[in-house]
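Chains, contacts and geometry: an overview
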Amino acid sequence: MSSKVLRGVRVVELAEVWAGPMGCSLLADLGADVVKVETFPRSSMTRPVEADARVGAGTGPPYERVNVHHHANRNKRNIAVDVRTPAGAEVLRRLVVGADLLVESFSAGTLERLGFGWAAVHAIEPQASLISLAAWGQDGPYRGYRMFGSGLDAMVGHHLVRGHPGAPLEETGPTVHSDAAVPLTVVFAAVAALALRDRSGEGSWVDLAQVEDLAWQLPAILAEWLANGRLPPRVANGDRDVVPHGYYPAAGGEWICVAAEDDTQWAALAEAIGRPELAREPHPWTSVVGRMRERGAVDAAVARFVSSLPAAEAAEHIQRLGAIAAPVLGPGGPLASPQLRARGWLRSIRHPHVGRREVGGFLWQLDPDPPAWDRSAALVGEHNGEVLAELGYSAAEIGELAAEGVIGDRYEEPP
């Protein structure tokens, strides 16, 4: 790995879908040696054996062409092992020896039933830390319950507060908030555990309940209820305390986001829309209180201006004068963003089954030690031989494990 921040740190990943895998990719971006242990012969949710809407164009089996899998599994080595077998469990045991971190996302109790709970991990490798990402945490009445990101959104209140007043509760499709929040917390937990290990000489067990991580995205809502017993109003695209704040139709069927956080920004926006008198005394809109009282009229004034211009042109004009505006882009929009292009965020990678394509980049840049996309997402079991040889297995032993179905490099196709 070209990054040196976490060089020498060995991470064993036992995680699926997005939150855990993406967190481990961020560690790999920083130079950690991440060995992803894929389930085998069962395929994970992002490894479908039959083509579906997530599978991109290319050659080879569907499970090697899933875009979301590619984004969340860069910079790793991959082994596919049936850890439920005695021989597979021995592979995992040898991986734990000398590891610095294990990251697992099973429901609580699953890893323990496999023989690799915290007590077992600590006995095998006292310096290793275990980061567990069960949705509900490792104890409590929901211990062992299964959960998906949309359920976490529901349980912490996201569904209740978003959407239009009086409308049914709204789902956000494939985007769930825990998948965005938890990977960053994995990095924080990993670095904290490594720092503690360096002082104490022993690893730690980090019980990182995804629901608790996600709940901290809504502190104001929680505080309002605890202090005043009030539910927050659903204001759709608006903001309770910021006017204007919304999405407005622009020319050509486009949309634009416009906001003015304070009176200074409102004055800039009033100038931008050609109505500077709206921000001068004695007009009632000179204060946020006045604008809140007449929210609909304020929105209408903004909407009249932006409706005559393309979204990008209107946003540039408003930003130049000191208010907040941005065009609403579809999935392809960010790919053409001059800002992302100028910063080199988009990365071009080559994969044996999908060819060359652009993918999203990194969450940070470090100078003089930037992250790098050194490996595209590995194929199933691509590094079986390499990793097992490092663990002391001979070529003959590796062949026996493959012949017995303990390891593999492909999933069985449906009949």
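Above this text sits the structure in question.
A look at the pattern of salt bridges
On inspection of all chains with the given rule, the structure shows 23 salt bridges. Residue Asp100 is joined to Arg197 by a salt bridge in which the shortest nitrogen-to-oxygen separation is 3.0 Å. Of the two residues, Asp100 sits in the loop between helix H3 (86–96) and strand S4 (101–104) while Arg197 sits in helix H8 (residues 177–200), which places them 97 residues apart along the sequence. For Arg197, a relative accessible area of 13% translates into the label buried. Across the pair Glu112 and Arg143 runs a salt bridge, and its minimum N-O distance is 3.5 Å. Of this pair, Glu112 sits in helix H4 (residues 110–113) while Arg143 sits in the loop between strand S5 (129–132) and helix H6 (149–156), and the two are 31 residues apart along the sequence. Of the residues examined, Glu112 reaches a relative accessible area of 54% and is grouped as exposed. A relative accessible area of 39% places Arg143 in the partly exposed class.

Describing the packing of helix H11 (residues 263–272) against helix H14 (residues 311–321)
For the pair H11 and H14, interaxial distance at closest approach is 8 Å and the crossing angle is 135 degrees. One element, H11, and the other, H14, form an angle in the oblique class. The crossing of H11 and H14 is right-handed. Contact residues: Ala268, Leu269, Glu271 and Ala272 in H11; His317, Ile318 and Leu321 in H14. Split by residue class, the contact of H11 with H14 holds five nonpolar, one polar and one charged.

Concerning H8
The periodicity of an α-helix, 3.6 residues per turn, causes residues three or four places apart in sequence to face the same way. The end-to-end C-alpha distance of H8, which contains 24 residues, comes to 35 Å, matching closely the 34 Å that a straight helix rising 1.5 Å per residue would cover. Turning to H8, its buried residues are Ser178, Ala181, Val182, Pro183, Val186, Val187, Ala189, Ala190, Ala193, Leu194 and Arg197. Buried residues in H8 make contact with helix H1 (19–29), S4, S5, H6, strand S6 (205–207) and helix H9 (210–215). Immediately beyond the C-terminal end of H8, within one or two residues, lies Gly201, with a positive phi of roughly 85 degrees.

Points about the packing of aromatic side chains
Scanning the model with the defined rule gives six aromatic pairs in all. Considering the side-chain rings of Trp118 and Trp205, the 6.4 Å spacing of their centres and the 20 degrees angle between planes classify their relative orientation as stacked. Here Trp118 is found in helix H5 (residues 118–124), whereas its partner Trp205 is found in strand S6, with 87 residues between them in sequence. For Trp205, a relative accessible area of 39% translates into the label partly exposed. An aromatic cluster is defined as three or more aromatic residues linked by ring pairs; in this entry it consists of Phe40, Tyr63 and Tyr411. Across the ring face of Trp373, the terminal group of Arg74 is positioned such that the distance to the ring centre comes to 4.8 Å. Sitting above the plane of the Tyr393 ring, Arg94 keeps its charged end 3.9 Å from the centroid.

Concerning unusual backbone geometry
Put simply, Val243 and Pro244 share a cis peptide bond, and its omega is 0 degrees. Residue position: Pro244 is located in the loop between helix H10 (219–228) and strand S7 (245–249). Of the consecutive residues Glu281 and Pro282, the connecting peptide bond is found in the cis state with omega at 10 degrees. When you line up the elements, Pro282 lands in the loop between H11 and helix H12 (288–293).

Examining the side chain of Asn384
Within the secondary structure, Asn384 sits in helix H16 (residues 384–390). Contacts of Asn384, omitting those with residues within four sequence positions, involve Asn78, Ile79, Ala80, Ile407, Gly408 and Asp409.

Focus: the sheet that holds strand S8 (residues 255–259)
As summarised here, the arrangement of the three strands in space is S7-S8-S9, forming an open sheet in which the pairing is antiparallel. Whereas interior strands pair on both sides, the edge strands pair on one side only; in this sheet they are S7 and strand S9 (324–327). Neighbour to neighbour, the strand axes of the sheet diverge by 20 degrees on average, direction disregarded. Relative to S8, S7 is paired through five bridges, and the arrangement is antiparallel. From the neighbouring strand, His245 faces S8, where its bridge partner is Ala259. With respect to the sheet, helix H13 (residues 295–306) is in contact with S7 and S8, its orientation differing from that of S7 by roughly 40 degrees. Docked against the sheet, H14 engages S8 and S9, running at close to 160 degrees with respect to S9.

Cut-offs applied
- Residues numbered from 1 in each chain as written.
- Predicted model: local features only at pLDDT ≥ 70, side-chain atom pairs only at ≥ 80, totals over all residues.
- Heavy atoms only, no water.
- Salt bridge = Lys/Arg side-chain N within 4 Å of Asp/Glu carboxyl O.
- Helix = DSSP H or I, 4+ residues; strand = E, 2+ residues; numbered from the N terminus.
- Buried < 20%, exposed > 50% of the residue type's maximum accessible area, 1.4 Å probe, protein only.
- Axes fitted to C-alpha atoms, helices over the stretch in contact; angles between N-to-C directions.
- Parallel < 35°, antiparallel > 145°, perpendicular 65-115°, else oblique.
- Left-handed = near helix turned anticlockwise from the far one by under 90°.
- Contact = heavy atoms within 4.5 Å.
- Nonpolar A, V, L, I, M, F, W, Y, C, P; charged D, E, K, R; others polar.
- Expected span 1.5 Å × (residues − 1).
- Phe/Tyr/Trp six-rings, centres within 6.5 Å; stacked < 30°, edge-to-face > 60°.
- Lys NZ or Arg CZ within 6 Å of the ring centre and 35° of its normal.
- Pairing = 2+ DSSP bridges.

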